[in-house]
Amino acid sequence: IKSKLPNVGTTIFTVMSALATEHKAVNLGQGFPDYPMSEELTAKVAEAMRNGHNQYAPMPGLIGLRESIAEKVEFLYKTKINPDTEITITPGGTYAIYSSLTTILQPGDEVILFEPAYDSYIPNIEINGAKAVPLPLTYPDYKIDWDLVRSSITAKTKAILINSPHNPTGSVLDKNDIAELKSIVAGTELFIVSDEVYEHLIYDELPHESMLKYPELFERSFVNFSFGKTYHCTGWKLGYCIAPAAFTKEFRKVHQFNCFSCFTPAQVALAEYLKNKDAYLSLPRFMQQKRDYFIELMKNTKFDLLSTSGSYFICASYGRISEESDKDLAIRLTKEAGVATIPLSAFYHNQKDDKVVRFCFSKQNRTLQQAVERLMKI
Ligand code: PMP
Ligand code: GLN
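Residues numbered from 1 in each chain as written. Chains lettered and ligands numbered in written order. Predicted model: local features only at pLDDT ≥ 70, side-chain atom pairs only at ≥ 80, totals over all residues.

I keep staring at the sheet that holds strand β12 (residues 342-343) and nothing clicks. Help me out?
To summarise the sheet geometry, strands pair through backbone hydrogen bonds and adopt either a parallel or an antiparallel arrangement. Ordered by their spatial adjacency, four strands build an open sheet running β9-β10-β13-β12, and the pairing between neighbours is antiparallel. Both edges of this open sheet fall to β9 (304-305) and β12, since each of them pairs with a single strand only. Examined bridge by bridge, strand β10 (residues 313-317) and strand β13 (residues 356-360) share five bridges and lie antiparallel to one another. Each residue of the ladder has a partner; that of Phe 313, found in β13, is Cys 360. (Pairing = 2+ DSSP bridges. Helix = DSSP H or I, 4+ residues; strand = E, 2+ residues; numbered from the N terminus.)

Here it is, written out as structure tokens:
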């Protein structure tokens, strides 16, 4: 078979989670919580199944859920979204991003993105015959160098792929970034594909700068979200894409012949549960406590933590521990210390090694404690 993705192996999340299982390691690698999701939401799904909501949902998603999303967007970002024509429910955020890119890309197009980058982006671009143009974020604060963006735009640039809060670094866009982005795209035909799956995981009272807040940006955007991240149920693989009606029409052409529609009972449950504002407004505080607890514990180790303002990840350099490559260290940590992490080189097209690994802190305190006790021995 001629590979459509010749440069791609098995994703690092699969590799590290398998290694963690094999060595019975505490898994701070792949991003998922180890505590239970809401009882109330679980009960609502069971109830939806018992009530017979077990057949195909409408192709764009249950209208009740899309209406609840539109209400939530208006409450949070003061933007009116048409639930009928501008929201599509998808099987997860990754799929929503893939479909956004597939909707707009023609062979030969270029997409600007920022590295380190979530590992699905470049394959998503390349499988569409387009070219990824990865630009480095600044180090160590992992911000976008907007002058570099300006000088990297060519006649072939079709889109800019933004991710805030950012995986793996936890950096977030601020008002200045938004002003720069606005000035760069003004008067162009550039699209923005925005990955906002961590919209509610943002700390230190910072606001989430969604593309949905700015009409000049939203008019050219596909904005992608994940229920898995917000409601502690990554295994649900349910998310959504919000885009202007003309974009959504094309997005649904891709979506309808890929998965057609998503798991109905969860959509019925979420249509109701989304009205519970506290469930998402309480998230920053809940997760910030975990971040701060982990930072405090990690002071007892030789890892030097970088800062994180969002997502449930924090990066650490390990120069005081060894000179190994980040992959070698991540493997050794899993096997010898019993703690799995993600080496940051997995988020670079050229496997650049900053000697940094990523930790996921969306875990029970006792899990974090157990992990750090093990890391102290390294
Ligand atoms: N984007 C980023 C940056 C992520 O970290 C994740 C988490 N897996 C996703 C998208 C996709 O989320 P989902 O599991 O809903 O596909
Ligand atoms: N988003 C999660 C992470 O970055 C994992 C997603 C996946 O396993 N594909 O860890």
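Still more to cover.
In this structure, what is going on with the sheet that holds strand β6 (residues 191-195)? I would like to understand it.
Here seven strands make up an open sheet; going across it, the order is β2-β8-β7-β6-β5-β3-β4 and the pairing mixed. Each edge of the open sheet carries a strand with a single partner, namely β2 (87-90) and β4 (131-136). Within the sheet, the average angular offset between the axes of one strand and its neighbour, ignoring direction, is 20 degrees. One ladder, built from three bridges, connects strand β3 (residues 110-115) with strand β5 (residues 157-163); its direction is parallel. Following the sheet pairing, Ile 112 is matched in β5 by Ile 160. Docked against the sheet, helix α4 (residues 93-104) engages β2, β5, β6, β7 (221-226) and β8 (239-242), running at close to 165 degrees with respect to β7. (Axes fitted to C-alpha atoms, helices over the stretch in contact; angles between N-to-C directions. Contact = placed C-beta atoms within 7 Å.)

Sorry, what's going on with the site of ligand 1 here?
As a matter of local geometry, ligand 1 sits amid 14 residues, with Gly 92, Gly 93, Thr 94, Asn 167 and Ser 226 nearest to it. Counted by class, the shell around ligand 1 contains two nonpolar, ten polar and two charged residues. (Near = placed C-beta within 6 Å. Nonpolar A, V, L, I, M, F, W, Y, C, P; charged D, E, K, R; others polar.)

Whenever I open this one, helix α3 (residues 63-77) confuses me. Can you help?
One full turn of an α-helix is made of 3.6 residues, so residues set three or four places apart face in the same direction. Compared with an ideal rise of 1.5 Å per residue, which puts 15 residues at 21 Å, α3 spans 20 Å between its outermost C-alpha atoms and is within 8% of the ideal. Of the positions making up α3, those classed as buried are Leu 65, Arg 66, Ser 68, Ile 69, Val 73 and Tyr 77. The arc enclosing the buried residues of α3, seen along the axis, measures out at 160 degrees, which places them on a common side. Those residues of α3 that are buried are in contact with β2, β8 and α11 (264-273). After α3 finishes, the residue Lys 78 shows a positive phi value of roughly 55 degrees. (Expected span 1.5 Å × (residues − 1). Buried ≥ 20, exposed ≤ 12 C-beta atoms within 10 Å, placed from the backbone. Arc of directions from axis to C-beta.)

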